[in-house]
Each structure stands twice: as C-alpha cells, then as structure tokens.
Amino acid sequence: MLHLSAIITRPVLAALALATVSAVAVHAEDAKSDPALANSINKDDKTAESEPDLLKKNAAVKVEDGKYLDSEGHPTFHITDNGKKLDWYSYSGYRRYHAECHVCHGPDGMGSTYAPALKDSLKHLSYEEFVGILAGGKQDVSASEQKVMPAFGDNKNVMCYSDDLYVYLKARASGAIGRIRPSEKEDKPETAKKAEKECMGS
C-alpha cells in the first residue's frame, strides 16, 4: 500500500512542479540584453568547453532581486571577473550539486559509468523538463540496460535549491565556467534567504 502511494505521489509532485515553474516564469522575450549583464568568462579555461550559441541563448537579460533571468524568464547564470566570480545561484548550485548529485553524475557534471553527464543533458533540457525530472524521477529502460533517476520531490535539500542546480548546470553546459572550485561569489540576495527559510521550514 505504501509502495502504491509513492508511485502515485511522485508523478503528482512532478506535475505540480511543472505547473509551478510554468506559472511563475517571467517571460521577457522582448527584453534587450543589458551590456552590464554580459558574462565575462575565462577564454583560456580549457575545461569550460565554450558553446557560443548556448552562451548567447542563456545570457541574462534582466536581474530581479539578485536572480538573473534569460530571455524566456528562466533563471540563468552571470559570470564576471574573467570567470572568477559567480552569481549567488550558480555558486549555491555548485555546492548543492557536489553535496547531492555528484556521487552518481560525477564531479562538475561530467558524468560517470553510473549516470549521464548533466553538463551535456542541460544543453537541450528545458527548465520545466529539468524541474520535472528532478521532482518525479526518470526511467530509461532498454533490452540491455535500465537507468533509473530517483525522484527528489520530497527531498528539501534538492528541491529547495532546484533553481540553483539548474543555473549551475546551465553554466557548465554553456561553457561559462569550467571544472573550477568557485572562490568568489556575489552576496546572497535577501530573496534567496527568505525563499530558503520558507522552503526548508526553518
């Protein structure tokens, strides 16, 4: 009975997550990119694997309360100081990724024999798809193998930081940052502090 409950609950959580991110997305298709929001990346970092088209597509066009948004109104990264300084959410995403995700998906989103490289997956996954998979899990079954991504919809240490994870992995997928341990970051926005407190229930 408990098992059946979990099977029913996970898709519902995934659907709710998709509905939530769709409802709160701020569409900024008409926004013009502000030169002050341009990324300043380290072109000499060979581990960054720069993807010019993705860098352009994922560029910040506006900032709201310390959160950078792309032209579709989804969270995105903002890298400055020749690749040394990360926005708060990218920095937090790096920390959360290496606390919760790297055991399966490898350090720096590079993948492993156990799970795919998320730095590659995020080249084509949308924000809604990413959050939906994070909340509801995913199964890829073939005759030769079975890959299972567990659902994290009830894990606050993951879901409360879904935007942070998305932004960090988007930065990796775009080649905005390489295999670095971030040393500099923007200050944590007050809105991030408030959202964290509310989500974690503290």
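Residues numbered from 1 in each chain as written. Predicted model: local features only at pLDDT ≥ 70, side-chain atom pairs only at ≥ 80, totals over all residues. Heavy atoms only, no water.

1. Points about the packing of helix α3 (residues 88-100) against helix α8 (residues 162-174)
Our working rule: To get an axis, fit a line to the C-alpha atoms, keeping to the stretch in contact for a helix; angles then go from 0 to 180 degrees between the N-to-C directions. Helix numbers and strand numbers start at the N terminus; a helix is a DSSP run of H or I with at least 4 residues, a strand a run of E with at least 2. When describing relative orientation, an angle under 35 degrees is termed roughly parallel and one over 145 degrees roughly antiparallel, while 65 to 115 degrees is termed roughly perpendicular and anything else oblique. We call two residues contacting when some pair of their heavy atoms lies within 4.5 Å.
Where α3 meets α8, the closest approach of the two axes is 7 Å, and the angle between their N-to-C directions is 100 degrees. Taken together, the axis directions place α3 and α8 in an arrangement best described as roughly perpendicular. Where α3 abuts α8, its residues Tyr 89, Ser 90, Ser 92, Gly 93, Tyr 94, Arg 96, Tyr 97 and His 98 lie against Asp 164, Leu 165, Val 167, Tyr 168 and Leu 169.

2. Quick look at the layout of surface pockets
Selection rule: Lining residues are defined by having an atom within 4 Å of a point belonging to a cavity or pocket. Those points lie on a 1 Å grid over the protein atoms alone, cavities being sets where a 1.4 Å probe fits but cannot get out and pockets being open sets with protein on both sides within 12 Å along at least five of seven lines. Grid points are joined across faces, edges and corners, and a volume is the space filled by probe spheres set on the points. Nonpolar residues are Ala, Val, Leu, Ile, Met, Phe, Trp, Tyr, Cys and Pro. Charged residues are Asp, Glu, Lys and Arg, and all others, Gly as well, are polar.
In this structure, the second largest pocket spans a volume of roughly 590 Å³. If you trace the second largest pocket, you find 27 residues lining it, with His 105, Ala 115, Pro 116, Leu 118 and Met 149 closest to the centre. Elements with a minimum of two residues in the lining of the second largest pocket: α4 (102-105), α5 (118-121), α6 (127-136), β6 (138-141), β7 (146-149) and α8. Looking at the lining of the second largest pocket residue by residue, the class counts come to 19 nonpolar, 4 polar and 4 charged.

3. What about the packing of α6 against α8?
Helix packing for two helices is described by the angle between their axes and how far apart those axes are. Operational definition: Note on convention: the crossing is left-handed when the near helix lies turned anticlockwise from the far helix by less than a right angle, right-handed when the turn is clockwise.
Where α6 contacts α8, the axes come no closer than 11 Å and their chain directions differ by 125 degrees. When the axes of α6 and α8 are compared, the pair comes out oblique. Pair α6 / α8 crosses with right-handed handedness. Seen from α6, the contacting residues are Tyr 127, Phe 130 and Leu 134; seen from α8, they are Ser 162, Asp 163, Leu 165, Tyr 166 and Leu 169.

4. Re unusual backbone geometry
The test is simple: Buried residues are those whose accessible area, probed at 1.4 Å on protein chains only, stays under 20% of the maximum for their type, while exposed residues exceed 50% and partly exposed ones sit between those limits.
Even without glycine at this site, Glu 49 takes up a positive phi of about 50 degrees. Secondary-structure assignment places Glu 49 in the loop between α1 (2-24) and α2 (52-57). Residue classification places Glu 49 among the partly exposed residues on the basis of a relative accessible area of 38%. Although it is not a glycine, Asp 108 sits at a positive phi angle of roughly 60 degrees. Among the residues examined, Asp 108 registers a relative accessible area of 9% and is labelled buried.

5. Side note on the sheet that holds strand β4 (residues 79-80)
The condition that has to hold: Two strands form a pair only when DSSP identifies at least two bridges running between them.
Spatial strand order, β4-β5-β8: 3 strands in an open sheet with mixed pairing. The sheet terminates laterally at β4 and β8 (184-185), the two strands that pair on one side only. Note: β4 against strand β5 (residues 85-86), 2 bridges, orientation antiparallel. By the bridge assignment, Thr 80 is partnered in β5 with Lys 85.

6. Quick word on the packing of aromatic side chains
Where we set the bar: Classification of ring pairs rests on two measures: the distance between centres of Phe, Tyr or Trp rings, Trp counted by its six-membered ring, which must be within 6.5 Å, and the angle between planes, read as stacked under 30 degrees, edge-to-face over 60 and tilted in between. Two limits define a charge over a ring: the Lys NZ or Arg CZ must be within 6 Å of the ring centre, and within 35 degrees of the ring normal.
In total, this model carries 5 aromatic pairs according to the counting rule given. With a centroid separation of 5.6 Å and 50 degrees between ring planes, the pair formed by Phe 130 and Tyr 166 is classed as tilted. Placement of the pair is Phe 130 in helix α6 and Tyr 166 in helix α8, with a sequence separation of 36 residues. Tyr 166 carries the same exposure label as Phe 130, and that label is buried. An aromatic cluster is defined as three or more aromatic residues linked by ring pairs; in this entry it consists of Tyr 94, Tyr 97 and Tyr 168. The lysine or arginine in question, Arg 96, covers the ring of Tyr 161, its NZ or CZ lying 3.7 Å from the ring centre. Just above the ring of Tyr 91 sits the side chain of Lys 185; from NZ or CZ to the centre is 4.9 Å.

7. Overview of the sheet that holds strand β1 (residues 62-64)
Strand order in this open sheet of 3 strands is β1-β2-β3, and the pairing throughout is antiparallel. Both outer strands of the open sheet, β1 and β3 (75-76), are each paired with one neighbouring strand and no more. In terms of strand pairing, strand β2 (residues 67-69) meets β3 through 2 bridges, oriented antiparallel. The partner of Leu 69 across the bridge, within β3, is Pro 75.

The values are spatial; any link to function lies outside them.
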